[in-house]
Amino acid sequence: MVRVQRRMPVAVRLLTYLRPHWPAVLLAYVCLAGSVAFAILVPLLHRWVIDVGIAQRDREMLALLALLIVAAAAARSLFTYGQSYLSEYLSQHVAFALRNDLYQKIQSLSFSFHDRAQTGQLMSRTTVDVEVARQFLGVSTLRFAHTVAMFVFVSGVMVHLNWELALLTFLTLPLVTGRTIYVSRKLRPMWRQVQEQTGQYSNVLQENLAGIRVVKVFGREQEQHRKFQEANWAVRELSLAANRISAFNQPLMVFLLNMTTALILWYGGRHVIQDGLTLGTVVAFVEFRTQLAIPVRMLGMIINVIARASGAAERIFEVLDTQSEVQERPDAVELRDVRGHVRFEGVSFSYDKKLPVIRDIDIDAKPGETVALMGGIGSGKSTVVNLLPRFYDVTEGRITIDGVDIRDVTLESLRRHVGVVLQDAFLFNGTIRDNLAYGVPDATQEQIEEAARAARIHDFIVGLPDGYDTWVGERGITLSGGQKQRVAIARVLLRDPKILVLDDSTSNVDMETEYLIQQALQEVMKGRTTFVIAQRLRTVRDADQILVLKDGRIVERGRHEELIARDGIYRRIYDVQLRDQEEVARSQLGATAAAGS
C-alpha cells in the first residue's frame, strides 16, 4: 500500500484522506451543484426581466420574476452555506487525521531517526505544513470543482445565447491559462523553500527556548536574537518572493477580464442597435462575464494554494513514509514469564552502517546478577544498554532474554520487562504523582509511595506544600538533578521490571543521596538482572560482573577485587576516579562510628 501511495502525486495522496468521509463529500457536491445552478439562473432571470417584464411592460411578469430572483438568491445562499461548511468540516477532519498520523509515526520511529531529526522541523511539519494541507483540501474538495463547474456551465449557457459574444469572452482564456501554468511551475519550488525555512525558524526558536538558562548564564541573548532574526528574515524574504508573483498575477487576470467586458459592451451594443439582439442578453452576458471571472480569478488562488500544499505535503509524507530502523516482526510473540537471563552474543552495532561503535560484545548476565559497565567517554557503554530494549537494533550478532531473541518479541512486552532509567532524567510538565505513575497510569497511591520510598524520594515529596500533587514544571525544572533522578528511578521501579538498566542514573546526585539510592536499590535489585553505567565506586564494587570497554570492545571483565589485582585499565580508572571516593567513604564511616561511641 505504501509503495502505491508513494507513486501518487503528493496533492492527490492528500485527497485519499477524504475516503472515510465520503457521505459528507457527496452532500458537499450536492450543495455545490445547487449553488452553481442557482448562480446561473439569476442572470437569466435578469434577462427576462429586461426583455419580457420591462420591454413588454408586463407588470405581473415583472413582479413574478422579481420574486423568482429573490427565491433563487435565497436558494443559492443556502447551498453556498452548505458547501462552505462541509468544505471546512472535511478539511478539519483530514487535518486531524494528518496530525494524528504524524504524531503516531514520530512516536513509532527509532532513536536513530530522532538522533538526526530536528525538533523544530518536526513541529513545523505537524503544525504549519498540516495547516497548509488543510487549506488545500478546503480548496480542492469543493472550490476547484465549483470553479470548473461554473466555467463549463456558464460557457455553455453563453454559447447557447449568442456564440459570437461567447467567442469574444473566450479570447483572453489562452493568455489566462498560459499564465496560470507558468505561475504554478514557478511557485511550487518557492513554497517548498518557504516551508523548509519555516521549519528552520521553528527549530531555532525551540532550541533557544529550551536552552534559555544557558543563554542567560553566558549572556548570549544578542547572539541568539541575531540567529533568530536571520531565520525569521529568510522566511519573510522567501514568502515575499512567492507572493510577489501571486500579487502580480491576480491584477493581470482582472485586467484581461475587464478587456473582455469592454468587448462585450462594444460588440453587443452595436448588435442591439442594428439587428435586434436584445438588451437583456447583453446584460446577461456582462453578468456571466463577471461569473466567469470568479473561477478564472479563483484559479490563480487555487494554483497558489496547490503549489504551497505540494511543498507541505512532500514534507509531511517524508515523515510518514520513513521506515523505522527498529521493526516489529509480523509474527512477534509476547515476552512472558521473564526470569531475566540476558545474553549478548557477538553483538556489533554501527550508527551509519560503516564505522562500528561496538564490536564483538559477549555478555552472559544470569537472573538476578548486576553487570556494571565502565569506560571512558565514547567507549560504547550507553550503546550497549540501549540495544537491550531495542532503542537500536544490533548490526551483527543477537541479544536474547531467557534464550529468546529480542527481535522475535513485541516491542511493548520487551520494554515492559526492561526498565530503563536514562542518563537525562526527563520529567513531564505535571504533578509528581503524574510523573511517578507515567508507566502505570492505574497505580494506587500505596504503590506510588512504595516506589518513592524505594528510591528515597518519599520523605522529600511529603515535605512539599502539596505533597504528591506538587507541580514540577516543564522538564521538572523545579526539582534538583538528584531529585529528578530519584523520581525517574521510582517511575521505573513502579513497573516492577525483571531487568533494570541504569544509564549513569546516579551521576547527578551527591554521595549522600547516592548512598541512599544504593541502599534502596540493593533490595530492589534482588531477583532482577541489572545493567549499571556509573562512575561511582559503590555502583560497581558489589557488581557480579564489571565490564570495561574501550573503543567499543570489552577489554576487561571480572569482579572489583580481580580487576584491581590485574593492574589494567580498571585499576587506572580506580586510581584516578574511584580511590578518592573510597577514602571519603571510609572517613565518613569513621566519623559516624566516632559519633556513635
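These figures come from a predicted structure and were not determined experimentally. (Residues numbered from 1 in each chain as written. Predicted model: local features only at pLDDT ≥ 70, side-chain atom pairs only at ≥ 80, totals over all residues. Heavy atoms only, no water.)

1. Focus on the overall build of the protein
This is how it is decided: Put simply, DSSP marks the helices as runs of H or I at least four residues long and the strands as runs of E at least two long, and each gets a number from the N terminus on. Remark: exposure states derive from per-residue accessible area (1.4 Å probe, protein chains only) relative to the maximum for the residue type, with buried under 20%, exposed over 50%, and partly exposed in between. When checking whether two residues touch, look at their non-hydrogen atoms; a contact exists if any pair is within 4.5 Å. A 1.4 Å probe and the Shrake-Rupley method give the accessible areas. Residues count as covered only by the protein chains that appear here.
Counting its regular elements, the protein contains 21 helices and 10 strands. Looking at the protein as a whole, 48% of its 597 residues are labelled buried. When contacts within the protein are restricted to residue pairs at least 6 apart in sequence, those whose partners lie at least 24 apart make up 78%. For the protein, the computed accessible surface area is about 30,600 Å², with 57% contributed by carbon and sulfur atoms.

2. Notes on the packing of aromatic side chains
Selection rule: Each Phe, Tyr or Trp ring (for Trp, its six-membered ring) is paired with any other whose centre lies within 6.5 Å, and the angle between the two planes then decides the class: stacked below 30 degrees, edge-to-face above 60, tilted in between. Definition used: whenever NZ (Lys) or CZ (Arg) falls within 6 Å of the ring centre and also within 35 degrees of the ring normal, the charge is taken to sit over that ring.
Summed over the entire model, instances satisfying the criterion amount to 7 aromatic pairs. Measuring from centroid to centroid gives 6.3 Å for Tyr81 and Tyr85, while their planes differ by 20 degrees, and the two rings are stacked. Highlighted residues: Tyr81 and Tyr85, both in helix α4 (residues 59-108), separated by 4 residues, approximately one helical turn. The class for Tyr85 is partly exposed, based on a relative accessible area of 47%. Taking 5.3 Å as the distance between ring centres and 90 degrees as the angle between the ring planes, the aromatic pair formed by Tyr351 and Tyr392 counts as edge-to-face. Here Tyr351, found in the loop between β1 (342-350) and β2 (356-365), pairs with Tyr392, found in the loop between α12 (381-387) and β4 (396-401); they are 41 residues apart in sequence, far enough to count as distant. According to the relative accessible area criterion, Tyr392 is buried, its value standing at 6%. Site record: aromatic cluster; members linked through ring pairs are Tyr81, Tyr85 and Tyr89. The ring centre of Phe317 lies 3.9 Å from the NZ or CZ of Arg13, which sits over that ring. The side chain of Arg236 reaches across the aromatic face of Trp233, ending 4.2 Å from its centre.

3. Focus: the sheet that holds strand β9 (residues 545-550)
Defined as follows: DSSP-based pairing: two strands are paired if at least 2 bridges between them are found. Axis definition: a line fitted to C-alpha atoms, limited for helices to the stretch in contact. Angles are taken between N-to-C directions and run from 0 to 180 degrees.
Read across the sheet, 6 strands follow the order β6-β7-β8-β3-β9-β10 without closing on themselves; strand pairing throughout is mixed. Strands with a single pairing partner mark the edges of an open sheet, and in this sheet they are β6 (418-421) and β10 (553-558). If you compare each strand with its neighbour and ignore which way they point, the axes differ by 20 degrees on average. Lying on the sheet, helix α17 (residues 481-493) is in contact with β6 and β7 (499-503); it crosses β6 at an angle near 175 degrees.

4. Considerations on the sheet that holds β2
If you walk across this open sheet you meet the 4 strands as β2-β1-β4-β5, and the pairing is antiparallel. Strands with a single pairing partner mark the edges of an open sheet, and in this sheet they are β2 and β5 (404-405). For β1 and β2, the ladder comprises 6 bridges, and the chain directions are antiparallel. Residue pairing for β2: Ser350 is matched across the bridge by Pro356.

5. What to know about the nonpolar core
The condition that has to hold: In this text, buried Ala, Val, Leu, Ile, Met, Phe, Trp, Tyr and Cys residues form a nonpolar core when linked through side-chain atoms within 4.5 Å.
Membership of the largest hydrophobic core comes to 33 residues, with the highest contact counts inside it found for Phe344, Leu388, Ile401 and Phe531. Among residues more than four places away in sequence, those in contact with Leu388 are Val342, Phe344, Ile399, Ile401, Ile406, Leu414, Val418, Ile499, Val501 and Phe531.

6. Here's the deal with unusual backbone geometry
Of note, the phi angle at Asp360 is positive, near 50 degrees, even though the residue is not glycine. Considering the arrangement of structural elements, one finds Asp360 in strand β2. We classify Asp360 as partly exposed; its relative accessible area is 46%. Its identity as a non-glycine residue notwithstanding, Asp402 has a phi of 55 degrees, on the positive side. Structurally, Asp402 is set in the loop between β4 and β5.

7. Focus on the pairing of β7
Counting buried positions along β7 yields 5 of 5 residues, so the element is predominantly enclosed. Because side chains alternate across β7, one face comprises the buried residues Ile499, Val501 and Asp503, and the other comprises Leu500 and Leu502, equally buried. Two strands pair when backbone bridges link them, and β6 and β7 are joined in this way by 4 bridges, in the parallel orientation. Pairing of Val420 across the sheet is with Val501, part of β7. One ladder, built from 5 bridges, connects β7 with strand β8 (residues 529-533); its direction is parallel. Bridging from a neighbouring strand, Val501 pairs with Phe531 of β8.

8. A look at the pattern of salt bridges
Cut-off, in case you're wondering: The salt bridge criterion pairs a side-chain nitrogen of Lys or Arg with a carboxyl oxygen of Asp or Glu, the two atoms within 4 Å.
Applying the stated criterion across every chain, the model contains 21 salt bridges. Across the pair Arg315 and Asp129 runs a salt bridge, and its minimum N-O distance is 2.6 Å. Highlighted residues: Arg315 in helix α11 (residues 279-320) and Asp129 in helix α6 (residues 119-161), separated in sequence by 186 residues. Here Arg315 matches Asp129 in class, with each residue buried. A salt bridge links Asp469 to Arg433, with the nearest nitrogen and oxygen atoms 2.2 Å apart. Here Asp469 is found in the loop between α16 (458-462) and α17, whereas its partner Arg433 is found in helix α14 (residues 432-436), with 36 residues between them in sequence. Through salt bridges with shared partners, a single ionic network connects Glu334, Arg336, Glu412 and Arg416.

9. Brief notes about the environment of Val148
Mapped onto the fold, Val148 is located in helix α6. Between the C-alpha atoms of Val148 and Pro295, which are 147 residues apart in sequence, the distance is 7.1 Å.

10. Comments concerning the pairing of β8
With 5 of its 5 residues buried, β8 lies for the most part within the structure. Taking every second residue as pointing to the same face, both faces of β8 are buried, with Thr529, Phe531 and Ile533 on one and Thr530 and Val532 on the other. As judged from the 4 bridges shared by strand β3 (residues 370-375) and β8, these two strands associate in the parallel manner. Directly across from Ala372, in β8, lies its bridge partner Val532.

11. Considerations on the confidence of the model for the protein
Which entries qualify depends on this criterion: Confidence of the prediction at every residue is given by pLDDT, a number between 0 and 100.
In the predicted model, the protein carries a mean pLDDT of 79, and 83% of its residues have values of at least 70. The low-confidence segment residues 1-7, where pLDDT is below 50, has 6 contacts with residues more than four positions distant or belonging to other chains. Here residues 589-594 scores under 50 on pLDDT; set against residues more than four positions off or in separate chains, the count is 0 contacts.

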